[in-house]
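Chains, contacts and geometry: an overview
Below, each chain spelled out in residue letters.
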Amino acid sequence: MKRRSPILAAMCALALLVAPANAQIIDTPATHAVILDNATGEVLFSKDGAEPMIPASMTKMMTAYLVFDMVKRGELKMTDRLTVSADAWRRGGFPSGTSTMGLVPKDTPTIEELLHGVMIMSGNDACIVLAEGISGSEEAFARRMTDLAHEKGLKSANFLNSTGLEAVGHVISAEDLARLAKMTVDDFPEYYKWYSLPSYSWREYTQPNRNPLLGIEGADGVKTGHLEASGYGLTGSAERDGVRRTIVINGMESMAARASEGERMLRLAFQSFELKTIAPESVSLPEQKVWLGQQGTVPVSLAEPMLIAGHKAAFENAKTEIVLDKALEAPVKKGDRVGRLVVTLEGRPPVEAPIIAEADVKKIGFFGKAIAGLSALISGNGS
């Protein structure tokens, strides 16, 4: 059973009407895109963001996160040294023709040096050295990456290697990549800052940071990616005036397109998207019909605050309705859950919160029922 609430009056009372009428929700040429608010974990915008996709070198965010976690647990030290194998050199070094740290067989970099190679230089050799040195094989390390990702709630993740090089079934969603970036900021701020270093050198080889967002206001991470199969991708994060937002885009056609769209999405993340909190005391809801009660209606209210996230323009045409759990029949006790308030913004899944009764309604007696039944019969509602 559904009853329309006085949506615009309630929303105006909450100062939610903040954009001009008929404004359009944004689109992006990216095949997958996400904007995440870090403080709340709310996804503000998503284009196929929950769909598993090929992350390419954005995989390395999970490689680094796993190593951070092992250091925290005491399984590793940043000063531990690992030996570069011929396999790591062949598949991830200069002979591979892929992004590399420039390691050669029998080098013995520290864990910290390898992490810089992963995070700044996007070195496939550094990833493989970490994987082989920690787990004995890249396959075993990738399984541990997947297990940790699932433990942390990143259910879309399925990692088959540590590098992000193409492998059938190696996937994660854009939303989970954004959450992974948030986890890194929250759990390991002392290591996250390495993502913002402008360059890194291993011996005579220097590689600039590939993140095109660095230098934009507040931007300090995190990782690019590219494969023929996935196009050009980017996970970026920035903090402005105490607010942090994270974006993910994938499937761009070129490095230039990735840089341009990344900058645009980051700007929109701060200027065009926002969060609104509906406090229970700030909104007045219509009383609801009660059957067989000594009073015909009962006042209701929100049981808890609602957090509404979306594009500013979408608030103009927000739709709100009260959905009752079932037809209300006396007796009703104050505090009983009776339904939920559902708020829907264009481009966003509905957000809902429970509605509770604000008064007791006692059941009418036998004669009251008889009169109610007679009234229904006379009005034509007794059949």
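For the structure itself, look to the data block above.
Residues numbered from 1 in each chain as written. Predicted model: local features only at pLDDT ≥ 70, side-chain atom pairs only at ≥ 80, totals over all residues. Heavy atoms only, no water.

1. Examining the environment of Leu 76
As for its position among the elements, Leu 76 is in the loop between helix 2 (60–73) and helix 3 (86–92). For the pair Leu 76 and Ile 134, spaced 58 residues apart in sequence, the C-alpha to C-alpha distance is 8.7 Å. Setting aside chain neighbours within four positions, we find Leu 76 in contact with Val 67, Met 70, Val 71 and Ile 134. (Helix = DSSP H or I, 4+ residues; strand = E, 2+ residues; numbered from the N terminus. Contact = heavy atoms within 4.5 Å.)

2. Things to note about the pairing of strand 7 (residues 205–208)
Two strands pair when backbone bridges link them, and strand 6 (residues 199–202) and strand 7 are joined in this way by four bridges, in the antiparallel orientation. Its bridge partner being in strand 7, Trp 202 is matched across the sheet by Tyr 205. Linking two consecutive strands that pair antiparallel, namely strand 6 and strand 7, is a turn of two residues; a positive phi of about 55 degrees is found at Arg 203 within it. (Pairing = 2+ DSSP bridges.)

3. Focus on the side chain of Glu 175
Counting through the fold element by element, Glu 175 comes out in helix 7 (residues 174–187). Those residues in contact with Glu 175 that lie beyond four places of it in its chain are Val 34, Val 43, Ser 46, Gly 49 and Ala 50.

4. So, helix 7
Taking 1.5 Å per residue, 14 residues should reach 20 Å; helix 7 reaches 20 Å between its end C-alpha atoms and fits that length. Most of helix 7 sits out of view: eleven of its 14 residues are buried. Every buried residue belonging to helix 7 is among Ala 174, Glu 175, Asp 176, Leu 177, Ala 178, Leu 180, Ala 181, Lys 182, Met 183, Thr 184 and Val 185, and all of these are buried. (Expected span 1.5 Å × (residues − 1). Buried < 20%, exposed > 50% of the residue type's maximum accessible area, 1.4 Å probe, protein only.)

5. Things to note about the sheet that holds strand 3 (residues 43–47)
Here five strands make up an open sheet; going across it, the order is 3-2-10-9-8 and the pairing antiparallel. Single-partner strands in this sheet number two, and they are strand 3 and strand 8 (219–227). Across the sheet, the mean angle separating the axes of adjacent strands is 5 degrees when strand polarity is ignored. Note: strand 9 (residues 231–240) against strand 10 (residues 243–252), eight bridges, orientation antiparallel. Within strand 10, the position partnered with Gly 236 by the bridge is Ile 247. (Axes fitted to C-alpha atoms, helices over the stretch in contact; angles between N-to-C directions.)

6. Re the packing of helix 4 (residues 111–119) against helix 5 (residues 124–135)
Closest axis-to-axis distance for the helix 4/helix 5 pair is 8 Å, and the angle between their directions is 140 degrees. Taken as axis vectors, helix 4 and helix 5 run oblique relative to one another. Note on packing geometry: the crossing formed by helix 4 with helix 5 is left-handed. When helix 4 is examined against helix 5, the residues Ile 111, Leu 114, Leu 115, Gly 117 and Val 118 are found in contact with a partner set consisting of Ala 126, Cys 127, Val 129 and Leu 130. The residue makeup of the contact of helix 4 with helix 5, split by class, is eight nonpolar, one polar and no charged. (Parallel < 35°, antiparallel > 145°, perpendicular 65-115°, else oblique. Left-handed = near helix turned anticlockwise from the far one by under 90°. Nonpolar A, V, L, I, M, F, W, Y, C, P; charged D, E, K, R; others polar.)

7. Structural notes on the packing of helix 2 against helix 6 (residues 138–151)
At their nearest, the axes of helix 2 and helix 6 sit 10 Å apart, and the two run at 80 degrees to each other. Here helix 6 runs roughly perpendicular to helix 2, going by the angle between their axes. Counting all contacts with helix 2, which are made through Met 62, Thr 63, Tyr 65, Leu 66, Val 67, Asp 69, Met 70 and Arg 73, the residues of helix 6 involved are Phe 141, Arg 144, Met 145, Leu 148, Ala 149 and Glu 151. For the contact of helix 2 with helix 6, the per-class residue count stands at nine nonpolar, one polar and four charged.

These results come straight from atomic positions and should not be treated as a statement about function.
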